[in-house]
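# Structural description and commentary
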Amino acid sequence: MAKPKLTELSREDLMKKAKGLKTMMSISIGLAIALAFAVIQGYLKTGELDWAILTIAICTLALPVTSYSELKAVREELLARG
């Protein structure tokens, strides 16, 4: 399934896309913080790092980083339409 170009989407669809991207980024940042807290708490209790959870926390941070450019493009398209 091909992704539609931003210029082909209606203003309402762009607003929905921006809201969805913001929500997805917020959830992933919250999840990364919670996982990092769990890793730190486990380290303080046992003295050993749980590398699996730490790896997942680091990979979870990739989602906001990669989604930011798409969110920026959606915002620019919304501003161009006025």
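What comes next concerns the included structure. (Residues numbered from 1 in each chain as written. Predicted model: local features only at pLDDT ≥ 70, side-chain atom pairs only at ≥ 80, totals over all residues. Heavy atoms only, no water.)

### So, the overall build of the protein
Along the backbone of the protein there are three helices and zero strands. Each helix (α) and strand (β) of the protein, taken in turn from the N terminus, gives the series α-α-α. Taking 2.2 N^0.38 as the reference for a compact globule, 82 residues should give roughly 12 Å; the C-alpha atoms of the protein span a radius of gyration of 18 Å, well beyond that estimate. Based on the C-alpha atoms only, the size of the protein along its principal axes is roughly 55 × 25 × 15 Å. (Helix = DSSP H or I, 4+ residues; strand = E, 2+ residues; numbered from the N terminus. Rg over C-alpha atoms; globule rule 2.2 N^0.38 Å.)

### Section: the pattern of salt bridges
Inspection of every chain in the model, using the stated rule, returns two salt bridges. The salt bridge partner of Arg-81 is Glu-77, with a shortest N-O separation of 3.0 Å. On the criterion of helical spacing, the pair formed by Arg-81 and Glu-77 is a turn pair, its members being four residues apart in helix α3 (residues 62-81). Note on Arg-81: relative accessible area 33%, which makes it partly exposed. (Salt bridge = Lys/Arg side-chain N within 4 Å of Asp/Glu carboxyl O. Buried < 20%, exposed > 50% of the residue type's maximum accessible area, 1.4 Å probe, protein only.)

### A short note on the nonpolar core
Residues Leu-9, Leu-14, Ala-18, Leu-21, Met-25, Leu-71, Val-74 and Leu-78 constitute the largest nonpolar core, which totals eight residues. The dominant element in this core, judged by the number of residues it contributes, is helix α1 (residues 11-46), at four residues. Non-local contacts of Leu-9, meaning those with residues more than four positions away in its chain, are made with Pro-4, Leu-14, Lys-17 and Arg-81. (Core = buried A, V, L, I, M, F, W, Y, C linked by side-chain atoms within 4.5 Å. Contact = heavy atoms within 4.5 Å.)

### Notes on α1
Over its 36 residues, α1 extends 52 Å from the first C-alpha to the last, a length consistent with the 52 Å expected when each residue adds 1.5 Å. Among the residues of α1, Leu-14, Ala-18, Leu-21, Met-25, Ser-28, Ala-32, Leu-35 and Val-39 are the ones counted as buried. In the core, the buried residues of α1 are packed alongside α2 (51-60) and α3. Residue Gly-47 follows α1 closely and has a positive phi angle near 85 degrees. (Expected span 1.5 Å × (residues − 1).)

### With respect to the packing of α1 against α3
For the pair α1 and α3, the least separation of the axes is 10 Å and the interaxial angle reads 155 degrees. With respect to their mutual orientation, α1 and α3 come out roughly antiparallel. In this structure, α1 meets α3 at a crossing whose hand is left-handed. Only Leu-63, Pro-64, Ser-67, Tyr-68, Glu-70, Leu-71, Val-74, Arg-75, Glu-77, Leu-78 and Arg-81 of α3 make contact with α1, whose side of the interface consists of Arg-11, Leu-14, Met-15, Lys-17, Ala-18, Leu-21, Lys-22, Met-24, Met-25, Ser-28 and Ile-29. Grouping the constituent residues of the contact of α1 with α3 by class yields 13 nonpolar, two polar and seven charged. (Axes fitted to C-alpha atoms, helices over the stretch in contact; angles between N-to-C directions. Parallel < 35°, antiparallel > 145°, perpendicular 65-115°, else oblique. Left-handed = near helix turned anticlockwise from the far one by under 90°. Nonpolar A, V, L, I, M, F, W, Y, C, P; charged D, E, K, R; others polar.)

### Remarks on the side chain of Thr-60
Within the secondary structure, Thr-60 sits in helix α2. For Thr-60, a relative accessible area of 12% puts it in the buried group. Among the polar contacts listed, one links the side chain of Thr-60 to the backbone oxygen of Ile-56, at a separation of 2.6 Å. Excluding its chain neighbours within four sequence positions, the residues that come into contact with Thr-60 are Ser-28, Leu-31, Ala-32 and Leu-35. (Polar contact = N/O pair within 3.5 Å; in protein donor to acceptor, adjacent residues only side chain to side chain.)

Keep in mind these values describe shape, not function.
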